[in-house]
Amino acid sequence: MQGEAVIPSVSPTLPAPARASGAFALLDERDEWLEFSRPQGGADAQGPGTHWESTVVFEGMHCAACAVTIEQALRASPGVREAEVNAASHRGRVVWEEGATVPSRWMEAVLRSGYRPLPAHDAMGSARRQAETRKMMWRLGVAWLCTMQVMMYAAPEYFTGPGEIDADIIHLLRWAQWLLSIPVVLFSCRPFFANALLDLRLRRVSMDLPVALGMLITFVVSTLGTFEPQGVFGHQVYFDSLTMFVAFLLTGRWLELRLRDRTAGALEALMHRLPESVLRRADDGEWVRVSVRRLRPGDAIRVLPGEAFPADGVLQDGHTSVDEALLTGESTPLARGVGAPVIAGSHNLTAPVAVCVERIGADTRYAQIVALMERASTAKPRIAQLADRLAKPFLIFVLLAAGLACAWWWPTDPGRALMIAVAILVVTCPCALSLATPAAMLASAGALARRGVLVRRLQALEELAEIDTVVFDKTGTLTRDAFVLAELRLRHGVARAQALAWAAELARGSLHPIARALVRAADDEQVARDAAAHLTAVSEVPGQGVIGALATGAGTTELRLGSASFCGLGPMPTDGPASHLSDDQGWLASFEFREELRPDAQATVDALHAQGLRVRLLSGDQPQAAERVGQRLGIDEARGGCTPADKLAALRQAQAAGARVAMVGDGLNDGPVLAGANVSFAFGRSVPLARAQSDFVLPSERLMQVAATQRQARRTLRIVRQNLAWAAGYNAIGVPLAMMGWVSAWLAGLGMAASSLLVVLNAWRLADASERHEEA
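Structure report, in brief. Along each chain, the written sequence defines residue order, and numbers are assigned to residues from 1. For a predicted model such as this one, the threshold for reporting local features is a pLDDT of at least 70, and the threshold for listing and counting side-chain atom pairs is 80 or more; totals across whole chains, interfaces and linings nevertheless cover every residue. The side-chain figures draw on all heavy atoms in the structure; neither hydrogens nor water molecules are used.

## Focus: the overall build of the protein chain
- If you tally the helices and strands in the protein chain, you get 24 helices and 27 strands.
- Throughout this description, buried means an accessible area under 20% of the type-specific maximum (1.4 Å probe, protein chains only), exposed means over 50%, and partly exposed covers the range between. The buried share of the protein chain, taken over its 776 residues, is 54%.
- Any two residues whose heavy atoms approach within 4.5 Å are treated as being in contact. For the protein chain, contacts bridging at least 24 residues in sequence account for 67% of all contacts bridging at least 6.
- Using the Shrake-Rupley algorithm and a 1.4 Å probe, accessible areas are obtained, with residue cover drawn only from the displayed protein chains. By element, 58% of the accessible surface of the protein chain is carried by carbon and sulfur atoms, the whole surface being about 33,200 Å². What counts as a helix is a DSSP run of H or I of at least four residues, what counts as a strand is a run of E of at least two, and both are numbered from the N terminus.

## Topic: the sheet that holds strand β8 (residues 300–303)
- In this scheme, strands are said to pair when DSSP sees at least two bridges between them. Ordered in space as β7-β6-β8-β14-β9-β12, the six strands form an open sheet in which the pairing is antiparallel. Edge positions in the sheet fall to β7 (287–291) and β12 (341–342), since each of these pairs with one other strand and no more.
- In this sheet, β8 lies alongside strand β6 (residues 277–281) in antiparallel orientation, the contact comprising two bridges. By the bridge assignment, Leu-279 is partnered in β8 with Arg-302.

## Re the sheet that holds strand β10 (residues 320–323)
- The sheet built from three strands is open, its strands ordered β11-β10-β13 with antiparallel pairing. Single-partner strands in this sheet number two, and they are β11 (334–336) and β13 (347–348).
- As judged from the two bridges shared by β10 and β13, these two strands associate in the antiparallel manner. Its bridge partner lying in β13, Asp-323 is registered against His-347.

## Concerning helix α13 (residues 414–427)
- Here the expected length of a helix is defined as 1.5 Å per residue gap, with one fewer gap than residues. For α13, which comprises 14 residues, the first-to-last C-alpha distance of 20 Å matches the rise-based estimate of 20 Å (1.5 Å per residue) to within 8%.
- Counting buried residues in α13 gives 13 out of 14 residues, a clear majority hidden from the surface.
- N-capping of α13 is provided by Asp-413, with a side-chain oxygen placed 3.1 Å from the backbone N of Gly-415. What qualifies as a polar contact is a pair of N or O atoms within 3.5 Å, subject to a donor-acceptor requirement within protein and to the restriction that residues adjacent in sequence count only when both atoms come from side chains.

## Things to note about the packing of aromatic side chains
- Ring pairs shown here join Phe, Tyr and Trp side chains whose ring centres sit within 6.5 Å, with only the six-membered ring taken for Trp; geometry is labelled stacked below 30 degrees between planes, edge-to-face above 60, and tilted in between. Per the counting criterion, the structure on display carries seven aromatic pairs.
- Taken together, Trp-175, Trp-178 and Phe-227 form an aromatic cluster joined through their ring pairs.
- Against the face of Phe-187 rests Arg-139, its NZ or CZ located 4.9 Å from the ring centre.
- The ring of Phe-566 is capped by Arg-560, whose NZ or CZ atom sits 4.7 Å from the centre of that ring. By definition here, charges over rings are those cases where NZ of Lys or CZ of Arg is within 6 Å of the ring centre and within 35 degrees of the ring normal.

## Points about the pattern of salt bridges
- What makes a salt bridge here is a side-chain nitrogen of Lys or Arg within 4 Å of a carboxyl oxygen of Asp or Glu, nothing more. Under the criterion given, the structure shown has 19 salt bridges.
- Residues joined by salt bridges that share partners form a network here, namely Glu-53, Glu-82, Glu-84 and Arg-93.

## Observations concerning the packing of helix α8 (residues 208–227) against α13
- A fitted line through C-alpha atoms represents every axis, and for helices the fit uses only the stretch in contact; the resulting angles, taken between N-to-C directions, go from 0 to 180 degrees. The geometry of α8 relative to α13 is characterised by a closest axis approach of 8 Å and an angle of 155° between their N-to-C directions. One element, α8, and the other, α13, form an angle in the roughly antiparallel class. As for how α8 packs across α13, the hand of that crossing is left-handed. Of the residues in α13, those touching α8 at Pro-210, Leu-213, Gly-214, Ile-217, Thr-218 and Val-221 are Leu-418, Met-419, Val-422 and Leu-425.
- Gly counts as polar in this scheme, as do all residues outside two lists: the nonpolar Ala, Val, Leu, Ile, Met, Phe, Trp, Tyr, Cys and Pro, and the charged Asp, Glu, Lys and Arg. Residue classes in the contact of α8 with α13 are distributed as eight nonpolar, two polar and no charged. Roughly parallel here means an angle under 35 degrees, roughly antiparallel means over 145, roughly perpendicular means 65 to 115, and every remaining angle is called oblique. Left-handed describes a crossing whose near helix is turned anticlockwise from the far helix by less than a right angle; the clockwise case is right-handed.

## Considerations on the nonpolar core
- In terms of nonpolar packing, the biggest core is built from 56 residues, with Phe-192, Val-211, Met-215, Val-246 and Ile-424 touching the most fellow members.
- For this core, the element with the most residues is α13, which contributes 11 residues.
- The contacts of Ile-424, once residues within four sequence positions are left out, are Val-398, Ala-401, Ala-402, Ala-405, Ala-738 and Met-739.
- Core analysis: the next-biggest nonpolar cluster, separate from the first, contains 39 residues, Ile-467, Leu-597, Ile-635 and Ala-662 among them. Here, nonpolar core refers to any group of buried Ala, Val, Leu, Ile, Met, Phe, Trp, Tyr and Cys residues whose side-chain atoms link them within 4.5 Å.

## Let's talk about the side chain of Lys-474
- Topologically, Lys-474 is positioned in the loop between β16 (469–472) and β17 (479–490).
- Apart from the residues within four sequence positions on either side, Lys-474 is in contact with Thr-479, Glu-595, Leu-617, Leu-618, Ser-619, Asp-621, Ala-625, Ala-626 and Val-629.

## As for unusual backbone geometry
- The phi dihedral of Gln-526 is positive, around 55°, even though this residue is not glycine.
- Secondary-structure assignment places Gln-526 in the loop between α17 (513–524) and β18 (535–541).
- Note on Gln-526: relative accessible area 72%, which makes it exposed.

By themselves, these are just geometric observations and shouldn't be taken as functional.
This is the structure we're talking about:
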């Protein structure tokens, strides 16, 4: 980082060779690994024995077998406790123990297995992806250019009969094809051969091994046919099939790379949203630019228009508009004035402002959101884990099938036998099978993130698609943490504005929710405070109400605001929470309140019903209050007075009856039921326990996102099933056809490239975050 010198702190419990080995030794400094790792026990749990969770990107991956190989290398490294690699995103999660190992040790274990690990927050990640894309474009360009030329020289043999072209001319055309194939083999095919050689050296199997074997066999057979036209393989050469296969395969991989980069770029846009440095007020009052790492709570910083806020804080000076779209899903710029909160990662749009820093680093909402997205990008659903386990056995089966088919056809025609083996090696595509689920899940998670829904667990998308019941908490979920004035009843001759002014003035110094609601109601109706100017000696009686003295022309009268008994009144039946106002003559007014529903609560319940889901309400509030909210929203069943154990018991009872339940909550008492539900949602400002137990987090607190996420989950599961059906059907048909000799090498190459590409493109339909694709 710019603007400071960092003194590295290295784990002291490891021997020196383990601390400073190889190209990754710099990452053994604590300040460096903190950039891509977080302690599992929280920010305070640091030191020997701490388990760190690191997010890493792996270069050189192409299939599920690659992911399995990396996981095996990591788990075999001493000190690594968990390892999970996603074949679609090329990202992984590594849990390691401080004191038992350091990042350089397990990173070098991955490097020895043939893949390059990089910290997920590597600032050069975008540049590396661009370089990889350029290199791929060069290989692709050479392959297609040579393919077109080879096809031109191969065409005469396809369009003429035996004897129509002189043998010497045919021989010359073959030599031309051979020369044009050499750049393809030496340059375009180089990554396949390098990976296959590494596979052989490490005694493993990946997708590149059968592909490279097919390329090598085709080139060798065709070369022998060119040099020995009268030999066993001299009757036909296959340079056109070879070059066309390579061109098709590289085209498919290039398109996959482009689509994957779009997802990685979106994640990087979030991860690298914070500035490198910021203006901080020095002791002499001057603004000095310092590294963001040097910020501490209580610092005063100055954020200019166009810059991102580097920490959570409160505005001290100035007024501006901020863009929180990437963090909360709120697309409209929000006005912020003195005393208003700002969050790290949001952008200052209009004017320079001074901010008092409250939270930095891992304590910010921004860091929590990044952690959620990283976890989602490395997670593997159960279906994907099954595909990964089948990838290597499937590749071994392909090699055996190719060998058996070659042996079967060899007595008939050795040349054809080898090309049938090549077609089998090429046509099979476990990549499509391994990408079918994670590609769809990641595309869907990216679309939801742009809507303001963060996915903590990819498997939850599959589970959410199959739910039939949604259970809501009430307070803070369906309702806000506030009351609104529903009805005002007055003594004859008392004006509404006058009664509201007196009540608001009495309530202004109280922290009771009813008191705050009264003040807000007076402000909303723009009641002038002058109407209560003669109200003095206001004092609160804890737990009962507020007393004040009102000066009138006839003297002073006592005003009381509170319960009916406190005001000296008899029973006052009401439909909900209420407060009463009285004077020396008795009752003056009654203020009846109801809980303030979230603006989209009704639309959310209606949408869930339209999707065929049952909606229930479980609340710790009074049963009457829960029933009132349930009736207003048309909820199927509402229960109040529930303890956390009661909520969990009701959930278990519903699940025992066959229901698949999604829970939506935000409070401390929602933690057990969130953990016990099939799938769960928590609001972004919910308590940490609720967030920790949830599968989805809604930073924007828009309830309608629950219904939208369920629709997206159904679409995701439908796409996953389409992908799996296509991948399984393609391989089930392609392998037998190739074994019977009905698939040429170039057609096999086209099929293999198209198979993976079709799966990725089908999954990418989920990345459209608009509501155009709502389920009918």
